[in-house]
Every structure is written in C-alpha cells, then in structure tokens.
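Here is what each chain is made of, one letter per residue.
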Amino acid sequence: MTHPFLDLAPLSAAHFAAIEDRVARLLGTEQDVVIMQGEALLPLEGAIRSAAGPGTVALNVITGPYGQTFGNWLRDCGAEVIDLGVPFHTAVTAGQIREAFAERPEIDFVSLVHAEAATGNTNPVAEIGEVVRAHGALFYLDAVASIGAEPVLPDAWGVDLCVIGAQKAMGGPAGVSAVSVSARAWARMSANPGAPRRSYLSLLDWKERWVDAGRKTLLHAPAQLEMLALEACVERIESEGLDAVMRRHAVAAAATRAGAVALGGGLVPYVHDASEAAPVATTLRTPPGVVASDLVARALFSDPALPLAAGGGALAKEMIRVNHYGVDATVGAVQGSLAALGAALAELGVAVDPEGARAAVESAWR
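Figured I'd write up the structure that's included with this text. Bear in mind that the values here come from a model prediction, so they are computed numbers and not experimental data. Every chain begins its residue count from 1, and numbering advances along the sequence as written. Predicted model: local features are reported for residues with pLDDT of at least 70 only, side-chain atom pairs are reported and counted for 80 or more only, and whole-chain, interface and lining totals are derived from all residues. The side-chain quantities take in all heavy atoms of the structure and omit both hydrogens and water.

Right, let's get into empty space enclosed by the protein. Computed over the protein atoms alone on a 1 Å grid, cavities are sets of points where a 1.4 Å probe fits but cannot get out and pockets are open sets with protein on both sides within 12 Å along at least five of seven lines; a residue lines them when it has an atom within 4 Å of a point. Grid points are joined across faces, edges and corners, and a volume is the space filled by probe spheres set on the points. For the structure on display, the rule yields one cavity of 30 Å³ or more. Roughly 40 Å³ of volume is contained in the largest cavity. Along the walls of the largest cavity sit I164, G165, A166, M170, V176, S177, A178 and L230, which together make up its complete lining. Only runs of H or I of at least four residues qualify as helices and only runs of E of at least two qualify as strands under DSSP, and these elements are numbered from the N terminus. Mapped by element, the contributors of at least two residues to the lining of the largest cavity are β8 (161-165) and β9 (177-181). The residue makeup of the lining of the largest cavity, split by class, is six nonpolar, two polar and no charged. Three categories are distinguished: nonpolar for Ala, Val, Leu, Ile, Met, Phe, Trp, Tyr, Cys and Pro, charged for Asp, Glu, Lys and Arg, and polar for the others, with Gly belonging to the last.

Two cysteine sulfurs form what is called a disulfide whenever their separation falls within 2.5 Å. Taken as a whole and judged by the stated rule, the model has zero disulfides. C77 carries a free sulfur, and the closest cysteine sulfur to it, the one in C162, is 19 Å from it. Categorising residues by exposure relies on relative accessible area from a 1.4 Å probe, with only protein chains included: less than 20% of the type maximum marks a residue as buried, more than 50% marks it as exposed, and the intermediate range marks it as partly exposed. A relative accessible area of 12% places C77 in the buried class. No disulfide involves C233; its nearest neighbouring cysteine sulfur is the one of C162, lying 15 Å away. By relative accessible area, C233 is classed as buried at 2%.

Here is the structure:
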C-alpha cells in the first residue's frame, strides 16, 4: 500500500528556515529560534545540559512534575540546585524569587515552567522575569503548555531559553518542538566545556552548523510530516489570530471552573485562585471518597473522545484534568466534559445539578 504523504518532495532548508521564522513571529522574538526534531523534552533537556554545569548555581522552581525533572537534569550536569517548591494548587510569586536571590545572590540560572498542564497552574513570568533580569541570571522557561493559550513573550520578559511544543494549545504535532535562544544563552553554552557536542541534544551544533552557517544546510534529514504539520498549525493560528486563540482558551478555562462549581457534588477547582489557573487546562478535585481515575473512566465510557484525564501518579486519586486545549477549547467540549462528569457522579449516588452547570458554562462563554 502507499499514501501520498510518502511521496512528498524532501523538505528544503529554505522551507525549514521559513517555518522557524513563523514560529519566531508567534513568539514575538528577535532571538534565534531553532526547531528541533523531537518532542519538547529534547530541547528542554538539551538547553539545560548546554547552559548548566559545575559552578552553576541554579534556582529551580517546582510548581508541578516538570520542575522536579529539571532539577534532576541540573544535578546531573553538576550544578548546585536550590529547589523552590510551592503547593501544586497555587503559583510561585515574584516575591518568592526575590527572597531566594536575597538568600543566595550567586544564583546564575533560573528554571521555571510557565503553565503546568499536569496541575493546572500558571506562573507570573513577566513579574518573575523582572527579578531574574535585575540579578543577571540566565532565565530558562518551559512554555510548552502555555504557547497559544496565553501570552509567551521571551524578549519582553527577559527569557534566555524559551522552549515550546505544538501539541497542546497550538493544536499541532508532538514530534517537533522549538527553542528561542538569546545571545547571552549562546555565550553561556559556548563557555561551557560540558555542553553536548556532536549529539542530538546539542544546541551548539545547531548554532554552528545551521544558524551561523546561514541556515543553508540542515544537520540531518528533517521530520518532514511533523514539520509540515507544524507549519499548518501556525498558519491556522495566524488565520484565526493569536489573540482570538488565546481568548478561546481563557474563556474555556473560566467556563469550566464556573460549570464545575455549579455542577456541585463536591467537584471543585484544584487551583484555588482563578488568577493562578492555567487557561490551557482546568484541574478539578474530586469529592471525598471518589477516586478521580474511576470517575474519569465512567465519564469516558459514554464518549471516549472527551478531553478528560485523571491526574498523574498520586494525583490520579484526587485530580481530574479537563484538557480544553487546541481544537477542544470550545463550548461543546466543556459542556460535554462536565455533563459526562455529572452523569458519572450521579451513578455513584452523588447529587449534582447538570442544568446549573450547563447554564454557568453558557453564561461564561458570552
């Protein structure tokens, strides 16, 4: 058997560079943008291993599971790591970052997740960026979940390494990802003797053989279908308008919170303060005695396509995620998810108000 996708002409270096330029415009950045040929964990790990090493004093902010992973990578590189953890139902503050610098002024690297889709919180990057910039530290940001759902502005916020992926709010492929790199970050990498070279993790290879060489010859064969899918999803965002896409996600989050509260039955927003809740996905805490993974399984039985999932690991007992991102940032997806959760709770004998939830979602969507 064959398929027309298998017979496409090879992706040229010029086409690859043009897609990078469109991603740079999406980020509003003048920094170099490198599209890497793998899921976002590739540039996330590559950026840390390129910029950190023995002598690095890193402030690693933990507001969810990815922050924990970044701390492990930093330690693997030989960095001294200061973990700043906050409860997963809240966000870190610029004041807490400022206090960390006051205690350890030698901090020269800060790692942060913008929006944690896994826990449903989002962090005030613009305010934190001011603090980091004032102390001259390198600022590394995971914006994989936030891009397309809320503003991501590396230049304005002083972010030196900003990693994005297309598989969530952008509604695109998971097999390619991108990182914007400031001149300061390139200099830090070049001065780091432990930075990966001749490696799939190497950003310096991309700089020397791609960026500095004028983007004429690719390092290796590109993931052609994923690159074309990335181009298509950026084109779709450009057509709808980035502001409109972000507004759709923000409204979906507000409607989900309002609908869950109106539904009742003990289902409540996991992130307490709406201002700290990520627009990419809404997390809900189940009532006492109700296991989240069991409730989600019941809810998905009638419609497996609903954007519902239980929390990961230990959170599977108490957290539900409504993943209203990309094509699911719609009133239909929110209404369907809450209706299914309400029906599943009713099956367990819990009193709910599905009509109240429906009305609350409609009101929030206006």
